Amino acid sequence: MSIAKKIAHKAEAMKGGGKKTTGRATGSRRLQAEGRGDQLKGNVKQAGAKIKDAFKH
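Just so it is clear, the structure is predicted and the values come from calculations on it, not from any experiment. (Residues numbered from 1 in each chain as written. Predicted model: local features only at pLDDT ≥ 70, side-chain atom pairs only at ≥ 80, totals over all residues. Heavy atoms only, no water.)

Undergrad: Can you walk me through the pattern of salt bridges in this structure?
TA: Where side chains of opposite charge bring their charged atoms close, a pairing between them can arise. According to the stated counting rule, one finds 6 salt bridges in the structure shown. Glu12 is the salt-bridge partner of Lys41, the closest N and O atoms lying 3.7 Å from each other. Of this pair, Lys41 sits in helix α2 (residues 29-56) while Glu12 sits in helix α1 (residues 3-26), and the two are 29 residues apart along the sequence. According to the relative accessible area criterion, Lys41 is partly exposed, its value standing at 44%. One salt bridge connects Glu34 with Arg30, and the closest N-O pair in it is separated by 2.8 Å. A residue pair is termed a helical-turn pair when its members lie 3 or 4 positions apart in one helix, as Glu34 and Arg30 do in helix α2 at 4 residues. Residues joined by salt bridges that share partners form a network here, namely Lys19, Arg30, Glu34 and Asp38. (Salt bridge = Lys/Arg side-chain N within 4 Å of Asp/Glu carboxyl O. Helix = DSSP H or I, 4+ residues; strand = E, 2+ residues; numbered from the N terminus. Buried < 20%, exposed > 50% of the residue type's maximum accessible area, 1.4 Å probe, protein only.)

Okay, here's the thing in structure tokens:
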């Protein structure tokens, strides 16, 4: 897995965390849910990359 993809997955998870926090601060349930979804997607992609790397070596 390339470094750029790892950074992109981490950035997606962080973006989701930011959206979730902003949604919580503003009381927007839609933004909170969207943030949780983005965060989960990023975390799943990171986990997949770790598994893929583990089987490469």
